[in-house]
Amino acid sequence: MKLHAIHRLYDERLAQSTKPFRARGASVERCRHCMVNAHLCICAHNVRRASHAGFLLVMYDDEVLKPSNTGRLIADAVEDTYAYIWSRTSPNEDMLTLIKDPKWQPFVIFPEQYATPERVVSTPVVSEGKRPLFILIDGTWSEAKKIFRKSPWMDALPVLSIKADDASRYKMREACGEGQLATAEVAAKVLALAGDAKTADCLDAWFDVFKEHYLTGKKQRQLPVPGALDRYKDVVARCEVA
């Protein structure tokens, strides 16, 4: 697997830690890139696609260190993915420069009920010559709301709300409420809404691969045959020939 923004952010955040980060399952020997049990590593199967859209992940402090995080799957699947640790008082200057880059048209992905009506858009319409940059807040639900409320640099940006038509397939953490999706699930829906159905399908299938391998290692089970990896390979093959 080619290293990307979240791998680099993981290393930076780990280097800043004054004591070992002890997430659940910390004793498990994991691949440092895909974060599943080493003997179930999925890195060799990852295919990254070029998309008209880009993603900016604003991650709560230790979210990038959690093995169950699905934000990294977006960077696995979409070439133009950026990631930064959130700071209330000192937002990253490179991040702010990226948002102001004239080639991008940023949208904050967040439930519409938390934004003023004039900021809410239903589709990611971009001006000529620009590309959509989707800003995803990555953390627990309480952390995400805090980031949204306390990031003044977001206040002038349009808010694109994604409705969950189906229950989340994410089984690695407890959801805080109904209708909440994992970060990677949201990103796949955003890509489809932006007209990139192929990358959306690849990311969605890659999410299932990660989930299946992660839970297999967690529960010490055998992988189902055929499983999510076979389906992912089929999706990638269809996208390449279409």
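Coordinates for the structure precede this section.
My aim in this report is to walk through the structure given alongside it, one point at a time. In this text the structure is predicted, and so the values were computed from the model without any measurement. (Residues numbered from 1 in each chain as written. Predicted model: local features only at pLDDT ≥ 70, side-chain atom pairs only at ≥ 80, totals over all residues. Heavy atoms only, no water.)

## Looking at the pairing of strand β3 (residues 104–109)
Piece 1. Along β3, six of the six residues are buried, which leaves the element largely enclosed by surrounding structure.
Piece 2. Residues of β3 alternate between two faces, with Trp104, Pro106 and Val108 on one and Gln105, Phe107 and Ile109 on the opposite face, all of them buried.
Piece 3. Note that β3 and strand β5 (residues 131–138) share six bridges and pair parallel. By the bridge assignment for β5, Pro106 is matched with Leu133.
Piece 4. Bridge count for β3 against strand β6 (residues 159–160) is two bridges, and the pairing is parallel. Along β6, the bridge assignment pairs Ile109 with Leu160. (Buried < 20%, exposed > 50% of the residue type's maximum accessible area, 1.4 Å probe, protein only. Helix = DSSP H or I, 4+ residues; strand = E, 2+ residues; numbered from the N terminus. Pairing = 2+ DSSP bridges.)

## Things to note about the pairing of β5
Piece 1. Counting buried positions over the eight residues of β5 gives eight, a clear majority of the element.
Piece 2. Every second residue of β5 is oriented toward a common face, with Arg131, Leu133, Ile135 and Ile137 on one face and Pro132, Phe134, Leu136 and Asp138 on the other, all of them buried.
Piece 3. Relative to β5, strand β1 (residues 54–59) is paired through six bridges, and the arrangement is parallel. Residue Met59 lies in a different strand from β5, and its bridge partner there is Asp138.

## A short note on the sheet that holds β3
Piece 1. Reading across the sheet, the six strands line up as β2-β1-β5-β3-β6-β4 and stay open at both edges, with parallel pairing between neighbours. In this open sheet, the two edge strands, each paired with only one partner strand, are β2 (81–85) and β4 (120–121).
Piece 2. In this fold helix α4 (residues 141–149) packs onto β1, β3, β5 and β6, with an angle of close to 125 degrees to the strand it touches most, β5. (Contact = heavy atoms within 4.5 Å. Axes fitted to C-alpha atoms, helices over the stretch in contact; angles between N-to-C directions.)

## Quick notes on the side chain of Asp138
Piece 1. By the element assignment, Asp138 lies in strand β5.
Piece 2. You can call Asp138 buried: its relative accessible area is 2%.
Piece 3. Sequence-distant contacts of Asp138, defined by excluding residues within four places in its chain, comprise Leu57, Val58, Met59, Tyr60, Glu63, Asn69, Gly71 and Thr183.

## Examining unusual backbone geometry
Piece 1. One non-glycine residue, Met35, lies in positive phi territory at about 70 degrees.
Piece 2. Assignment of secondary structure puts Met35 in the loop between α1 (5–16) and β1.

## What about the packing of aromatic side chains?
Each pair of aromatic rings is reported with the distance of its centres and the angle of its planes.
Piece 1. A complete count under the given rule lists 10 aromatic pairs for this structure.
Piece 2. For the ring pair Phe55 and Phe134, a centre distance of 5.7 Å and an interplane angle of 45 degrees mean the geometry is tilted. Here Phe55, found in strand β1, pairs with Phe134, found in strand β5; they are 79 residues apart in sequence, far enough to count as distant. The pair formed by Phe55 and Phe134 is uniform in burial state, with each residue classed as buried.
Piece 3. Both rings, one in Phe107 and one in Phe134, keep their centres 6.0 Å apart while their planes meet at 35 degrees; by these two values the pair is tilted. Remark: Phe134 occurs in strand β5 and Phe107 occurs in strand β3; sequence separation between them is 27 residues.
Piece 4. Judged by its relative accessible area of 2%, Phe107 falls in the buried class.
Piece 5. Taken together, the ring pairs in this structure connect Phe110, Tyr114, Trp141 and Phe148 into an aromatic cluster. (Phe/Tyr/Trp six-rings, centres within 6.5 Å; stacked < 30°, edge-to-face > 60°.)

## Quick word on the nonpolar core
Piece 1. Core analysis: the biggest nonpolar cluster contains 51 residues, and Phe55, Ile74, Phe134 and Leu203 have the highest contact counts within it.
Piece 2. Going through the elements one at a time, α1, β1, α2 (71–77), β3, β5, α5 (183–193), α6 (197–219) and α7 (228–241) are the ones with two or more residues in this core.
Piece 3. A per-element tally of this core places α6 first, with 10 residues.
Piece 4. Setting aside chain neighbours within four positions, we find Ile74 in contact with Phe55, Leu57, Thr81, Leu136, Thr183, Ala184, Ala187 and Leu203.
Piece 5. Judged by nonpolar contacts, the second largest core, of 23 residues, contains Tyr60, Phe110, Ala144 and Trp153. (Core = buried A, V, L, I, M, F, W, Y, C linked by side-chain atoms within 4.5 Å.)

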